[in-house]
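Here are the chains, one letter per residue:
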Amino acid sequence: MLVLVLVLVLVLVLVLVLVLGPAIVSVPQSILGVPMSIPANLPFSKVRRVGDLVFLSGELPIGPTGEIPAGIGPQTDLTLARIAATLAGEGLGLSHVVQATVYLRHAEDFAAFNAAYAGHFAAPFPTRTTVVAALALAPADVEITVVADASSAR
């Protein structure tokens, strides 16, 4: 009898996980109107929390309808807005960012990027590394990944 009860409980739990699984482990469906799910064939997480540190994967300047704005300034603003929205889902904001890694497609965009970037942060500024690199999404001129400190958000 006990075995039958255990089997029934196991089946019930399995059904609940299969039916409610997406709701139990849900992530934001969109940020700024852009789907945030990661295709199953890409082996990485959008966000990982390890202790008080929150790591975000690289963010691109993709608008609500999938467009990428022209110019490094608007692309930087949109990318940082998307990062801010992802951080908000973790109860954080840009003020919690302690480190940023920036990938620029063109070295000549550095000054304009820096001007746009500076408008989103206040002292103490995050540490930052900026690299010129070919980006996976051809129209994008910037990709940014950040690490945030959640210890002050409690």
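Let me sum up the structure you'll find in this document. What you see is a predicted model, and the numbers here were worked out from it, not measured in a lab. (Residues numbered from 1 in each chain as written. Predicted model: local features only at pLDDT ≥ 70, side-chain atom pairs only at ≥ 80, totals over all residues. Heavy atoms only, no water.)

What to know about the overall build of the protein
Rules: Helix and strand assignments come from DSSP, with helices taken as H or I runs of at least 4 residues and strands as E runs of at least 2, each series counted from the N terminus. Only protein chains enter the calculation, and the probe is 1.4 Å; a residue is then buried if its accessible area is under 20% of its type maximum, exposed if over 50%, and partly exposed in between. It only takes one pair of heavy atoms within 4.5 Å for two residues to be counted as in contact. To be clear on the numbers: accessible area is Shrake-Rupley with a 1.4 Å probe, and residue cover counts the displayed protein chains and nothing else.
When helices and strands are tallied, the protein shows three helices and seven strands. For the protein, the residues scored as buried account for 32% of the 154 residues in total. Of all intrachain contacts in the protein linking residues separated by at least 6 positions in sequence, the fraction that spans at least 24 positions is 74%. Accessible area of the protein: about 9100 Å², with a carbon and sulfur share of 69%.

So, a nonpolar patch on the surface
For clarity, the threshold we go by: Each patch groups residues whose relative accessible area exceeds 30% and which form no salt bridge, using 9 Å between like charges and 5 Å between nonpolar side chains of Val, Leu, Ile, Met, Phe, Trp and Tyr. Criterion for a salt bridge: a side-chain nitrogen of Lys or Arg within 4 Å of a carboxyl oxygen of Asp or Glu.
A cluster of nonpolar side chains, Val-50, Leu-53, Phe-55 and Val-98, forms an exposed patch at the surface whose accessible area comes to about 300 Å². With respect to the helices and strands, the residue Val-98 is situated in strand 5 (residues 97-104). Here Val-98 falls in the partly exposed class, since its relative accessible area comes to 37%.

Describing the nonpolar core
Test applied: Within this scheme, the nonpolar core is defined by two criteria: the residues are buried Ala, Val, Leu, Ile, Met, Phe, Trp, Tyr or Cys, and they are joined through side-chain atoms within 4.5 Å.
In this structure, Ile-83, Leu-87, Phe-113, Val-142, Ile-144 and Val-146 are the most contacted members of the largest nonpolar core, which totals 20 residues. Sorting the residues of this core by element identifies strand 4 (53-56), helix 2 (72-88), strand 5, helix 3 (110-118) and strand 7 (142-149) as the ones contributing at least two each.

Some thoughts on the sheet that holds strand 3 (residues 47-50)
To keep things clear, this is the line we draw: Two strands form a pair only when DSSP identifies at least two bridges running between them. Fitted lines through C-alpha atoms give the axes, limited to the stretch in contact for helices. The angle between two N-to-C directions lies from 0 to 180 degrees.
Strand order across the open sheet formed by five strands is 3-4-7-5-6, with mixed pairing between neighbours. The sheet is open, and its two edges are formed by strand 3 and strand 6 (127-132), each paired on a single side. Each adjacent strand pair in this sheet contributes to an overall mean axis angle of 15°, direction not counted. Two strands pair when backbone bridges link them, and strand 5 and strand 6 are joined in this way by six bridges, in the parallel orientation. Bridging from a neighbouring strand, Ala-100 pairs with Arg-128 of strand 6. Most of the contacts of helix 3 go to strand 6, to which it runs at about 150°, and overall it touches strand 5, strand 6 and strand 7.

Details of the side chain of His-96
As for its position among the elements, His-96 is in the loop between helix 2 and strand 5. Accessibility expressed as a relative area gives 15% for His-96, which makes it buried. If we skip the residues at most four places from it in the chain, His-96 touches Val-147, Ala-148, Asp-149, Ser-152 and Ala-153.

Looking at helix 2
So the rule is basically this: Multiply 1.5 Å by the residue count of a helix minus one, and that product is the helix's expected span.
With 17 residues, helix 2 extends 24 Å between its outermost C-alpha atoms, agreeing within 8% with the 24 Å of an ideal straight helix rising 1.5 Å per residue. Every buried residue belonging to helix 2 is among Ile-72, Gly-73, Gln-75, Thr-76, Leu-78, Thr-79, Leu-80, Arg-82, Ile-83, Thr-86 and Leu-87, and all of these are buried.

Some points on the packing of aromatic side chains
What counts, and what does not: Between 30 and 60 degrees the pair is tilted, below 30 it is stacked and above 60 it is edge-to-face, where a pair is any two Phe, Tyr or Trp rings, Trp via its six-membered ring, whose centres lie within 6.5 Å.
Under the defined criterion, the tally for this structure stands at two aromatic pairs. Seen from their ring centres, Phe-113 and Tyr-117 are 5.4 Å apart, and the 40° between their planes marks the pair as tilted. Residue Phe-113 and its partner Tyr-117 are both found in helix 3; the two are separated by four residues, about one turn of the helix. Grouping residues by exposure puts Phe-113 and Tyr-117 together as buried. On the numbers, 4.7 Å between centres and 35° between planes, the contact of Tyr-117 with Phe-121 is tilted. Taking the relative accessible area as the measure of exposure, Phe-121 reaches 10% and is therefore buried.

Points about the environment of Ile-83
Within the fold, Ile-83 resides in helix 2. For the pair Ile-83 and Ile-144, spaced 61 residues apart in sequence, the C-alpha separation works out to 8.4 Å. Excluding anything up to four places from it in sequence, Ile-83 contacts Leu-56, Glu-59, Leu-94, Ile-144 and Val-146.

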